[in-house]
Amino acid sequence: MSVRESPFPNFFLEGLHAVGWGLIFPCFWFLDRVLAVCISTSLERMLRREMECYLHPLQVIFGSVVFFILFVISTPFALLGFVLWAPLQAVRRPFAYHHQEQIIPMEDRNDRWEETGKVSFGFLTGNLCMLPDGVARFNNIGHTQNRAAYIGKSIVQGVTRPHICIFVDSPSSCSTVTPSSSLIPQPPPSSYGSIDVSATNPLEHIHETDDLSKTNCVQNCKDPPRRLFRDADVPVEVSALFPSSVDVMCFQEVFDKRAAMKLTRALGPLYGHILYDVGVYACQPAGTCSSFKFFNSGLFLASRFPVIEAEYHCFPNGRGEDALAAKGLLTVKVDIGLRKGEKKMVGYINCTHLHAPEGDGAIRFEQLNMLTKWINEFQAVTRREDEMVMFDVLCGDFNFDNCSPGDGLEQSHRVFEDYTDPCRAGAGREKPWVIGTVLEQSRLYDENVRTPDSLQRTLETEDLRKDYICPPRTVEGVPLVCPEPDEPWTGRRIDYLLYRESSVSSHGKTELEELMYVTQLAGLTDHVPLAFRLGVSLDPPPADTRLNTL
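Residues numbered from 1 in each chain as written. Predicted model: local features only at pLDDT ≥ 70, side-chain atom pairs only at ≥ 80, totals over all residues. Heavy atoms only, no water.

Convention followed: UniProt positions are given in the numbering used here, feature names are shortened, and annotations may be inferred rather than shown by experiment.
As named in an unreviewed UniProt entry, the chain is sphingomyelin phosphodiesterase, taken from Carassius auratus. Recorded in UniProt for the chain, the comment headed Sequence similarities (unreviewed entry) runs: "Belongs to the neutral sphingomyelinase family."

Following this line, the structure appears as structure tokens:
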């Protein structure tokens, strides 16, 4: 079964939808610009101080007035467009699918799987904070369109890089370090964060490279270049570059449609199968006025493997500002493209973004109940006798951590009995090497975290990361027990990558090969992406089968 690219059943409805959105968009954009003109990021304020620019108040006054007038003028057209656009949401499939031939090569780590009897798959998850520009600025991040284009190029740069080891010859260290991004061709500069592009380009500050004068040896290697910790013989790494050969990427908070299209265009030549604009709009459930969705779910999935089937479910229990977005679960079945005997290999990926406001643990707990039910139902319906399931991954931004007393309800959910969390030692306890994935928004552009290399060093240094990773959320009267006195400080890890072994074929055994924190998006988002690679060892064929092939 193939997935239709358009979310509409025919071209007429798709065209009518485009006309309606075309009438709405100018009004939406002018309102967004009103917010963007009035709200500055800390990076922009810092650059104005350095440039001694004193005209900003005039820019705010003039810009906000002009854009507000344009917003008022465009409102009648937006209302007309809304009359066309809103009813069509009842027949819109809740995601768009982009498919193109892969033209950027990527290393295939399974090309000799028949000899080794093992296949491996790489996964990555991250929150990109791609809200409309004016709204993103409340999180101290702006210039959504420029960020989307730059992030896409950065992902391609990292994933397609060769495996490189750099050995440092210095009196203080003889260990292996991660290759600097200066060794890899960089994406062209972007005007992200700029006030006056002709005067300055903040990406020059954000993505500067370190001096490599001490590097005396570069060689290709198969293993990850830097191993920070070891847990049950599994390498854990903090990397300034995206891991090479990632098979599936899942992102959250890709709310902005134009940003999603830019990300799709950038990743399409590398990942030929992309699901974007995931979620529902307008009144939900359709035909009712109980809840109006202004934004989609923000979920975005890019896969090297063809999508066989996909399904989306919207959480019905959102509250407050979170109810304005159609947060939910995206479940996908992919065709790996390999066969063992008469059976073809497939995999399941499940991506979600849970309710955000603190203190609403009961809502998140119920959403975990719903997503486990939906995942099991989807897999029960889509499993085939002639298929072998190679992986079953659940990932996303869960908006709770495993160390805060205030998140105790979610920490004890049975989803962690079904799925394995490699970072978790138990309910409310992280493993000693775990690092938080949420950065302090007010300090995103500090010297210690604004470049991939500096953020890498900060995450590796316990005393430094305490200043930049969000601390555990405390509750009055409840003691903070994580970390224990003899364990390192971790911080809040709300981004999860889980895998389930019970779903995998009885002829395969799953093991975690490596886990990685990625800092390449420093200064571009307030989360640290998380990646891991799963290896599946396959049982050898029966002796009589081997004899028949000789």
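What about the overall build of the chain?
For clarity, the cut-off: Secondary structure is summarised from DSSP: a helix means a run of H or I of at least four residues, a strand means a run of E of at least two, and numbering begins at the N terminus for each. Between buried and exposed lies partly exposed: a residue is buried under 20% and exposed over 50% of the maximum accessible area for its type, with that area taken using a 1.4 Å probe on protein chains only. Two residues form a contact once any of their heavy atoms are found within 4.5 Å. A 1.4 Å probe and the Shrake-Rupley method give the accessible areas. Residues count as covered only by the protein chains that appear here.
Within the chain, the regular secondary structure consists of 14 helices and 21 strands. Buried positions account for 57% of the 550 residues belonging to the chain. Partitioning the intrachain contacts of the chain with sequence separation of at least 6 by distance along the chain shows that 78% fall at a separation of at least 24. A total accessible area of about 23400 Å² is found for the chain, and carbon and sulfur atoms account for 58% of it.

Some points on unusual backbone geometry
If you check the backbone angles, Cys129 has positive phi at about 50° while not being a glycine. Here Cys129 lies in strand β2 (residues 118–130). One non-glycine residue, Ser245, lies in the positive phi region at around 60°. You can see Ser245 is positioned in the loop between β7 (234–239) and β8 (248–254). Look at Ser245 and you get buried, because its relative accessible area is 2%.

Thoughts on helix α6 (residues 144–159)
Rule in force here: A helix is expected to span 1.5 Å for every residue after the first.
For α6, spanning 16 residues, the distance from its first C-alpha to its last is 22 Å, which sits close to the expected 22 Å at 1.5 Å a residue. For α6, the tally of buried residues reaches 13 of 16 residues, placing the bulk of the element in the interior.

Quick word on the packing of α6 against helix α8 (residues 257–267)
When two helices pack together, their arrangement is given by the angle between their axes and by how far apart the axes lie. So the rule is basically this: The axes are straight lines fitted to the C-alpha atoms, using for helices just the contacting stretch, and the angles between their N-to-C directions are given from 0 to 180°. Comment on the angle field: the value is read as roughly parallel under 35 degrees, roughly antiparallel over 145, roughly perpendicular from 65 to 115, and oblique elsewhere. Rotating anticlockwise by less than a right angle from the far helix to the near helix defines a left-handed crossing, while the corresponding clockwise rotation defines a right-handed one. The nonpolar class holds Ala, Val, Leu, Ile, Met, Phe, Trp, Tyr, Cys and Pro. Asp, Glu, Lys and Arg form the charged class, and all remaining residues, Gly among them, are polar.
Look at α6 against α8: their axes get within 8 Å of each other, and the N-to-C directions meet at 20°. It follows from the interaxial angle that α6 and α8 lie roughly parallel. Along this stretch, α6 crosses α8, giving a crossing that reads as right-handed. Seen from α6, the contacting residues are Thr144, Gln145, Ala148, Ile151, Gly152, Lys153, Ile155 and Val156; seen from α8, they are Arg258, Ala259, Lys262, Leu263, Ala266 and Leu267. Within the contact of α6 with α8, the residues separate by chemical class into 8 nonpolar, 3 polar and 3 charged.

Some points on the sheet that holds strand β13 (residues 307–314)
Using the following cut-off: Pairing between strands requires that DSSP locate at least two bridges from one strand to the other.
Strands sit in the order β13-β14-β15-β16-β19 across an open sheet of 5 strands; the sheet is mixed. Each having just a single partner strand, β13 and β19 (495–499) make up the two edges of the open sheet. Strand after strand, the sheet turns through a mean of 15° between neighbouring axes, direction not considered. Note: strand β14 (residues 328–340) against strand β15 (residues 343–353), 9 bridges, orientation antiparallel. Across the sheet, the residue bridging to Leu329 is Thr352, located in β15.

Section: the side chain of Arg500
Which entries qualify depends on this criterion: In protein, a polar contact requires one atom able to donate a hydrogen and another able to accept it; more generally it is a pair of N or O atoms within 3.5 Å, and residues adjacent in sequence count only if both atoms are side-chain atoms.
Relative to the assigned elements, Arg500 resides in the loop between β19 and β20 (508–518). A polar side-chain atom of Arg500 sits 2.8 Å from a polar atom in the side chain of Asp392. For Arg500, the side chain forms a polar contact with the side chain of Ser503, separated by 2.8 Å. In contact with Arg500, not counting residues within four places along its chain, are Ile375, Asn376, Gln379, Asp392, Asp418 and Tyr419.

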